[in-house]
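Listed below are the residues making up each chain.
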Amino acid sequence: VMVLGRHGAKVPDAATELMCPAFGSVLRSFLDRQGILPEMLTLRGTAQLYAMGQWARRRYIDDLNVLPSQFFDNGSFSFTSQRNHFCIESSSAFARGL
């Protein structure tokens, strides 16, 4: 089974403020209220990918039985992502949901 996914909701990158100076207050509010920097996954983005992992578990492990239910360190699963922090966080959240 191969699952291709996109990263979850993230904070826009800092360059957004250059194009839209009024957006700076939004970026600062992410940092002040949630401790999240530009280009990081938001709490919602983490929850999105965790839920996607739970869906994949129900579909491919519980319902179809095409993947093993115990897979820690047995080589049956592999996760790959781009090097961007938000992509790695997304892959990690998906794996935790699985």
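Scroll up a little and you will see the structure.
Here is a short report on the structure shown in this document. This structure is a prediction, so every number in the text was calculated from the model and none was measured. (Residues numbered from 1 in each chain as written. Predicted model: local features only at pLDDT ≥ 70, side-chain atom pairs only at ≥ 80, totals over all residues. Heavy atoms only, no water.)

## Quick look at the packing of aromatic side chains
- Across all of its chains, the model carries three aromatic pairs by this definition.
- Aromatic pair Phe77 and Phe79: ring centres 6.5 Å apart, planes at 15°, arrangement stacked.
- Judged by relative accessible area, which is 37%, Phe79 ranks as partly exposed.
- A ring pair is formed by Phe79 and Phe94, whose centres lie 6.3 Å apart and whose planes are at 65°; its orientation type is edge-to-face. Of the two residues, Phe79 is situated in the loop between α3 (43–63) and α4 (85–97) and Phe94 in helix α4; the sequence distance between them amounts to 15 residues.
- We classify Phe94 as buried; its relative accessible area is 11%. (Phe/Tyr/Trp six-rings, centres within 6.5 Å; stacked < 30°, edge-to-face > 60°. Buried < 20%, exposed > 50% of the residue type's maximum accessible area, 1.4 Å probe, protein only. Helix = DSSP H or I, 4+ residues; strand = E, 2+ residues; numbered from the N terminus.)

## A few points about the layout of surface pockets
- Estimates place the volume of the largest pocket at around 580 Å³.
- Forming the boundary of the largest pocket are 24 residues, of which Val3, Leu4, Phe79, Thr80 and Phe94 lie nearest the centre.
- When residues of the lining of the largest pocket are traced back to their parent elements, those giving at least two are α3 and α4.
- Among the residues forming the lining of the largest pocket, the class breakdown is 14 nonpolar, nine polar and one charged. (1 Å grid on protein atoms, 1.4 Å probe; cavity = no way out; pocket = protein on both sides within 12 Å on 5 of 7 lines; lining within 4 Å. Points joined across faces, edges and corners; volume = space filled by probe spheres on them. Nonpolar A, V, L, I, M, F, W, Y, C, P; charged D, E, K, R; others polar.)

## Some words on unusual backbone geometry
- In this structure, Glu39 is a non-glycine residue whose phi angle is positive, near 70°.
- Of note, Glu39 is situated in the loop between α2 (24–34) and α3.
- Residue classification places Glu39 among the partly exposed residues on the basis of a relative accessible area of 34%.
- With a phi close to 55°, Asn65 is a non-glycine residue in the positive phi region.
- Considering the arrangement of structural elements, one finds Asn65 in the loop between α3 and α4.

## Considering a nonpolar patch on the surface
- A surface patch of nonpolar side chains, about 350 Å² in accessible area, is lined by Val1, Val3, Leu64 and Val66.
- Checked against the element boundaries, Val1 lands in the segment before α1 (16–19). (Patch = residues over 30% accessible without salt bridge, like charges linked within 9 Å, V, L, I, M, F, W, Y side chains within 5 Å. Areas by Shrake-Rupley, 256 points an atom, 1.4 Å probe, with all protein chains shown as cover. Salt bridge = Lys/Arg side-chain N within 4 Å of Asp/Glu carboxyl O.)

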